[in-house]
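The primary structure of each chain is shown beneath.
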Amino acid sequence: MTFTDQFLDYAHDFTVCPSLFLRWSAKLCLSVIAGRNCVMRIGDWDIVPNIWMVLLGLTSAHKSTGLSIGRNLLKEVMPGALLPQEYSQEMLLADLAANPHRCFIYDEASGFFAVLGQKYNPILKSALTSLWTAREYTRKTKQGEISIIDPYLCFGGASTPANFLGDQNNGSGGKEMSVLSGFLPRFFLIPYFTPPEKHIALPPPKDKMKRVALRDTLLGLVPNEEREFVYDSESRAMMEIW
């Protein structure tokens, strides 16, 4: 059984969060754990598995439920990877200089774009765009020069389409309009709008044995040395279709 299978088996005992959202929450966990030690080399370009994804669904679609299960696992396995919800660009860049392997998780993704839109963060959006692929990032700040070596940033968020994109018809996209700029290609948008097939009025407690096994599987996947990865035949065929 793969980690993703374990994740779904564990979560389906107590939540009706759609399997699609749970699968991507599991992928986010794997993405954070992998880090720059996992790399695909294409020509002169190294691709690392740093997923940026947003779960899109209607209100009460259990989007945040899937994210919270993954976040709680990461708190145990790699607690230093989780970034705070609020920050200035100076604080964030200094934080990343000290620990460049990090993850943003927002139950409401519009909060992330609201931070980017603050007047005290004028360069943050361009900085994060660079950090998504850069091997090294240097910027002069009021506190001196900051260098971030081998940054590895992941992102997991949840949102309704209205909050994520705003109302494009009347030009009121607001702070989230930044997603339509160069940021958009960096996100996997995971939509799900079908009502859950069942309803759990009072979810039972989590299965502690499954929880421990799930955590141990994730711990066992932490790479201790560099690994090259490749697409399998099925994935390559899907890539060609895409």
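Above: the structure in question.
Residues numbered from 1 in each chain as written. Predicted model: local features only at pLDDT ≥ 70, side-chain atom pairs only at ≥ 80, totals over all residues. Heavy atoms only, no water.

A. Seen up close, the packing of aromatic side chains. Applying the stated rule across the entire model yields 15 aromatic pairs. Between F113 and F187 the ring centres are 6.0 Å apart and the planes differ by 50°, which places this aromatic pair in the tilted class. Residue F113 is located in helix α5 (residues 110–116), and its partner F187 is located in the loop between α7 (161–165) and β8 (188–191); the two are separated by 74 residues in the primary sequence. You can call F113 buried: its relative accessible area is 0%. Given a relative accessible area of 7%, F187 falls into the buried group. Feature note: the residues W52, Y87, F104, Y106, F112, F113, F155 and F187 constitute an aromatic cluster, connected by ring pairs. Above the ring of W24, the side-chain terminus of K27 is found at 5.5 Å from the ring centroid. (Phe/Tyr/Trp six-rings, centres within 6.5 Å; stacked < 30°, edge-to-face > 60°. Helix = DSSP H or I, 4+ residues; strand = E, 2+ residues; numbered from the N terminus. Buried < 20%, exposed > 50% of the residue type's maximum accessible area, 1.4 Å probe, protein only. Lys NZ or Arg CZ within 6 Å of the ring centre and 35° of its normal.)

B. Summary view of the sheet that holds strand β2 (residues 45–47). If you trace the three strands from one edge of the open sheet to the other, you get β2-β1-β9, paired in mixed fashion. Lying at the two open borders of the sheet, with one neighbouring strand each, are β2 and β9 (227–228). Across two bridges, the pairing between strand β1 (residues 38–42) and β9 is parallel. Across the sheet, the residue bridging to C38 is R227, located in β9. (Pairing = 2+ DSSP bridges.)

C. A look at the layout of surface pockets. The computed volume of the largest pocket comes to approximately 1800 Å³. Lining the largest pocket are 35 residues, and of these P49, I51, F188, F229 and Y231 lie nearest its centre. Contributions of two or more residues to the lining of the largest pocket are made by α1 (3–11), α2 (19–34), β1, β2, β8 and α9 (233–241). Residue contributions to the lining of the largest pocket peak at five residues, all from α2. (1 Å grid on protein atoms, 1.4 Å probe; cavity = no way out; pocket = protein on both sides within 12 Å on 5 of 7 lines; lining within 4 Å. Points joined across faces, edges and corners; volume = space filled by probe spheres on them.)

D. Highlighting the nonpolar core. Core analysis: the largest hydrophobic core is formed by 38 residues, its most contacted members being F3, F7, L28, V32, L55, L74 and L218. The greatest single-element share of this core, amounting to nine residues, is contributed by α2. Beyond its immediate sequence surroundings of up to four residues, L28 is in contact with I51, M53, L67, C103, I105, C154, F155 and G156. Within the second largest apolar cluster, 27 residues are counted, among which are F113, Y137, I146 and I148. (Core = buried A, V, L, I, M, F, W, Y, C linked by side-chain atoms within 4.5 Å. Contact = heavy atoms within 4.5 Å.)

E. The packing of helix α3 (residues 63–77) against helix α8 (residues 208–220), seen in detail. Between α3 and α8, the least distance of the axes is 10 Å, while the angle of their chain directions is 60°. One finds that α3 runs oblique with respect to α8. Of the two possible hands of crossing, α3 and α8 adopt the one that is right-handed. On α8, the residues touching N72, L73, L74, E76 and V77 of α3 are R211, L214, R215, L218 and L219. Within the contact of α3 with α8, the residues separate by chemical class into six nonpolar, one polar and three charged. (Axes fitted to C-alpha atoms, helices over the stretch in contact; angles between N-to-C directions. Parallel < 35°, antiparallel > 145°, perpendicular 65-115°, else oblique. Left-handed = near helix turned anticlockwise from the far one by under 90°. Nonpolar A, V, L, I, M, F, W, Y, C, P; charged D, E, K, R; others polar.)

F. How the structure looks around the environment of S68. Within the fold, S68 resides in helix α3. Sequence spacing of S68 and I105 is 37 residues, and the spatial spacing of their C-alpha atoms is 8.9 Å.

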